[in-house]
Amino acid sequence: MYHHQLSSSGYTIYQLARTNSRGDGLLTAIHKDHFKVVNYRELLFNDFGDRVAQLLHVKTVIPFPLNGKQDVQQEVIIVNTHLLFPHDSSLSIVRLHQVYKILEYLEAYQKENKLNHMPIILCGDWNGSKRGHVYKFLRSQGFISSYDDAHQYTDSDAHRWVSHRNHRGNICGVDFIWLCNPSDSRKPLRTSWVEAVFSIIKYQLHKASIAEDDAFTFLGAKNHSDSLTYSDFCLALQKVNLTGIPHGLSFEETKELWVRADLDGNGVFDYEELKKIWNMTMVNQPGNCKESVMESKKEEGEDEAIGLKVNKAILFPQEAEKGLWPENYNISDHACLTVQFSPVKMLCS
């Protein structure tokens, strides 16, 4: 059905099955009259969830005038994926690994092909809401939720809309079309990763009703004046379900966390270091690009780039935009999210 209808409507289809013959997968369709596919790559995570992702580097077929001056061809990187469902909190690290692999591959692809100042779109079923670790991780890397941007919703507006009724009967907003413009400076990917893992630790302690004052004792210390060794730290990670399971942190990742946790490098982890980690927030750095308006002049050291602006975003059925799920909607257990973008010129230092 999809092949016939999409092909006859002028779309080129890219299909990717999950590994280990799971029986489902991904489909991305690009209209050949509008976009030329410069490159197509497949990402096989080969992980606990057998998940996959598609990367498409596309360019507009027909050049278009921008700001009434020159004709340009918009280039965009698009990634489509479907993350593992969070059946329990121990899978948070698996989902974080999946997103990290995507962003790591994006960095490598851009470096390999010498691509600078290009907008990136991530889309698909993220199986996690605006309250989750994946959402915060992507926000710390400069991505915005296109639907929320169009409706001027903040990160705390978690129940304004829904997009899915899951197998447990719960309705939630898990389908995102993420946008990262050249205007959004990103902190180092590994820094965001470490912050996200520490955020999971803090969440697990909160879930167990353990406050900051009691967290150090829970992790293995006798009192606030005590300190933890690397062995103690490893046992603490096991307590919060980040190690000791097949899909947990690797030995190298555990060592890296230890280096980041031992802030003063004295070989032990103390209560003051725990407090600094506890109060850590995953905030993105301010952008180093600005939208170019007619009267702005290009300054020395600045490059011109073409980004994307969110014009409009809608969910179907319309009830989903109000946080409701209509009982008579039987096309899918997901709502359809549509976002309209337009190109915008930017100056990047």
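Residues numbered from 1 in each chain as written. Predicted model: local features only at pLDDT ≥ 70, side-chain atom pairs only at ≥ 80, totals over all residues. Heavy atoms only, no water.

The protein is annotated in an unreviewed UniProt entry as Calcium-binding endonuclease/exonuclease/phosphatase family from Arabidopsis thaliana.

Draft legend 1. Quick look at the overall build of the protein. When you go through the protein residue by residue, the secondary structure sums to 9 helices and 17 strands. Relative to the 2.2 N^0.38 estimate, which gives 20 Å for 349 residues, the radius of gyration of the protein is 22 Å and therefore close to what a compact globule would have. Principal-axis analysis of the C-alpha atoms places the extent of the protein at approximately 65 × 55 × 35 Å. The contacts in the protein between residues at least 6 apart in sequence include a share of 70% that link residues at least 24 apart. Here the protein has roughly 17,700 Å² of accessible surface; of this, 50% comes from carbon and sulfur atoms. Charge centroids of the protein, computed over 37 positive and 43 negative side chains, lie 3 Å from each other. (Helix = DSSP H or I, 4+ residues; strand = E, 2+ residues; numbered from the N terminus. Rg over C-alpha atoms; globule rule 2.2 N^0.38 Å. Contact = heavy atoms within 4.5 Å. Areas by Shrake-Rupley, 256 points an atom, 1.4 Å probe, with all protein chains shown as cover. Lys, Arg positive; Asp, Glu negative; His and termini not counted. Charge placed at Lys NZ, Arg CZ, Asp CG, Glu CD.)

Draft legend 2. Spatial organisation of empty space enclosed by the protein. Tallied over the full model, the rule gives 1 cavity of 30 Å³ or more. Counted as a void, the largest cavity has a volume near 40 Å³. In this structure, the largest cavity is lined by Arg18, Asp24, Gly25, Leu26, Arg51, Val52 and His82. Among the residues forming the lining of the largest cavity, the class breakdown is 2 nonpolar, 2 polar and 3 charged. (1 Å grid on protein atoms, 1.4 Å probe; cavity = no way out; pocket = protein on both sides within 12 Å on 5 of 7 lines; lining within 4 Å. Points joined across faces, edges and corners; volume = space filled by probe spheres on them. Nonpolar A, V, L, I, M, F, W, Y, C, P; charged D, E, K, R; others polar.)

Draft legend 3. A look at the packing of aromatic side chains. Per the stated rule, a full pass over the model turns up 15 aromatic pairs. Consider the rings of Phe233 and Phe269, whose centres lie 5.9 Å apart with planes at 75°: the pair is edge-to-face. Of this pair, Phe233 sits in helix H7 (residues 230-239) while Phe269 sits in strand S14 (residues 269-270), and the two are 36 residues apart along the sequence. Residue Phe233 is classed as buried on the basis of its relative accessible area of 5%. Ring centres of Trp325 and Tyr329 lie 5.5 Å apart, and the angle between their planes is 80°; on these two criteria the pair is classed as edge-to-face. Assigned by exposure class, Trp325 and Tyr329 land together as buried. Connected via pairs of aromatic rings, a cluster forms that spans Tyr135, Tyr147, Tyr153, Trp161, Phe176 and Trp178. Positioned over the ring face of Phe218 is Lys239, at 5.3 Å from the centre of the ring. Above the ring of Tyr230, the side-chain terminus of Lys255 is found at 4.5 Å from the ring centroid. (Phe/Tyr/Trp six-rings, centres within 6.5 Å; stacked < 30°, edge-to-face > 60°. Buried < 20%, exposed > 50% of the residue type's maximum accessible area, 1.4 Å probe, protein only. Lys NZ or Arg CZ within 6 Å of the ring centre and 35° of its normal.)

Draft legend 4. How the structure looks around the packing of H7 against helix H8 (residues 251-261). Axis separation between H7 and H8 bottoms out at 11 Å; the angle between their running directions is 115°. Of the two possible hands of crossing, H7 and H8 adopt the one that is right-handed. On H8, the residues that touch Tyr230, Phe233, Cys234 and Leu237 of H7 are Phe251, Thr254, Lys255, Leu257, Trp258 and Ala261. (Axes fitted to C-alpha atoms, helices over the stretch in contact; angles between N-to-C directions. Left-handed = near helix turned anticlockwise from the far one by under 90°.)

Draft legend 5. Up close: the pattern of salt bridges. Evaluated as defined, the whole model comprises 10 salt bridges. Put simply, Arg18 and Asp24 hold a salt bridge, and the shortest N to O gap is 3.1 Å. In this structure Asp24 comes out as partly exposed when scored by relative accessible area, which is 34%. Two residues, Arg190 and Glu256, come together in a salt bridge whose shortest N-O distance is 2.7 Å. With Arg190 in helix H5 (residues 189-207) and Glu256 in helix H8, this pair connects stretches of sequence that are 66 residues apart. Accessibility expressed as a relative area gives 23% for Arg190, which makes it partly exposed. (Salt bridge = Lys/Arg side-chain N within 4 Å of Asp/Glu carboxyl O.)

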